[in-house]
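Chains, contacts and geometry: an overview
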Amino acid sequence: MNTAQRAIKDGLLAAALSGGTMAVGSKKDSGSAVAAVNAPAHLVHGEESLRREDVSTRHTLVGAAVHTASAMLWAGLYETLQARRRRRTFTGAVVDAAGVAALAAVVDLKLVPERLTPGFQHRMSDKSLLMVYGSFALGLALGGLQRMQDAPTVSDLK
């Protein structure tokens, strides 16, 4: 399995965990489990997606797809970091996952223009956001740990 395939698998796992956490936090913070899931669709459909609280193909499906695609892109960075390690370890998997999740949070919430933010930050508390990015890191780490013994590293390629 190559780095891209591992990134897809890790990204799907991280997106599922963080998406579930997002729905729970969104229900608690805004009263609607899908409000935060709809929000990433603002990239395609504009600010209307930030206000939607019902399930719809236009907002919920697109929002979930945007979230999942973003997770797979960040998982690509995670897998690149993992592949550069001489040997995969539990500590390395967790440190790399936490680093990538922290970088994703900074980029998503502080560095990109408003139109490119995930949008769900408008529907959730800071505590819920922390839980979303934490569960994203957990998903990356679990994906990395799952393959700890069988994935090639730089030393395997020499």
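As a reminder, the structure under discussion sits directly above these lines.
Below is a summary of the structure that appears in this document. (Residues numbered from 1 in each chain as written. Predicted model: local features only at pLDDT ≥ 70, side-chain atom pairs only at ≥ 80, totals over all residues. Heavy atoms only, no water.)

**What about the packing of aromatic side chains?**
To be explicit about the condition: Note on ring pairs: Phe, Tyr and Trp rings are taken, using the six-membered ring of Trp, and paired if centres are within 6.5 Å. Classes follow the plane angle, with under 30 degrees stacked, over 60 edge-to-face and the rest tilted. Helix and strand assignments come from DSSP, with helices taken as H or I runs of at least 4 residues and strands as E runs of at least 2, each series counted from the N terminus.
Scanning the model with the defined rule gives 1 aromatic pair in all. On the numbers, 6.2 Å between centres and 50 degrees between planes, the contact of phenylalanine 120 with tyrosine 133 is tilted. On the criterion of sequence distance, the pair formed by phenylalanine 120 in the loop between helix H6 (90-111) and helix H7 (126-146) and tyrosine 133 in helix H7 is long-range, its members being 13 residues apart.

**A look at helix H5 (residues 57-84)**
Put simply, the rule reads: Helix span, expected: 1.5 Å multiplied by one less than the number of residues in the helix. Relative accessibility decides the category of a residue: with a 1.4 Å probe and only protein chains considered, values under 20% of the type maximum give buried, values over 50% give exposed, and everything between is partly exposed. It only takes one pair of heavy atoms within 4.5 Å for two residues to be counted as in contact.
Over its 28 residues, H5 extends 40 Å from the first C-alpha to the last, a length consistent with the 40 Å expected when each residue adds 1.5 Å. All buried positions along H5 are accounted for by His59, Thr60, Gly63, His67, Ala71, Trp74, Ala75, Tyr78, Glu79, Gln82 and Ala83. Where H5 is buried, its residues meet helix H1 (3-30), helix H2 (35-38), helix H3 (42-45), helix H4 (48-51), H6 and H7.

**Some details on the environment of leucine 50**
Secondary-structure assignment places leucine 50 in helix H4. Assessed through its relative accessible area of 14%, leucine 50 is described here as buried. As a C-alpha pair, leucine 50 and lysine 9 span 41 residues in sequence and 28 Å in three-dimensional space. Those residues within four positions of leucine 50 in sequence are excluded, and the remaining contacts are Ala39, His42, Gly119, His122 and Arg123.

**Digging into the side chain of glutamine 82**
Which entries qualify depends on this criterion: Polar contact criterion, stated in full: a pair of N or O atoms within 3.5 Å, where within protein one must be able to donate a hydrogen and the other to accept it, and residues adjacent in sequence count only if both atoms are side-chain atoms.
Tracing the sequence through the fold places glutamine 82 in helix H5. Of the polar contacts made by the side chain of glutamine 82, one reaches the backbone oxygen of glycine 92; its length is 3.4 Å. Within polar-contact distance, the side chain of glutamine 82 engages the side chain of aspartate 96 at 2.6 Å.

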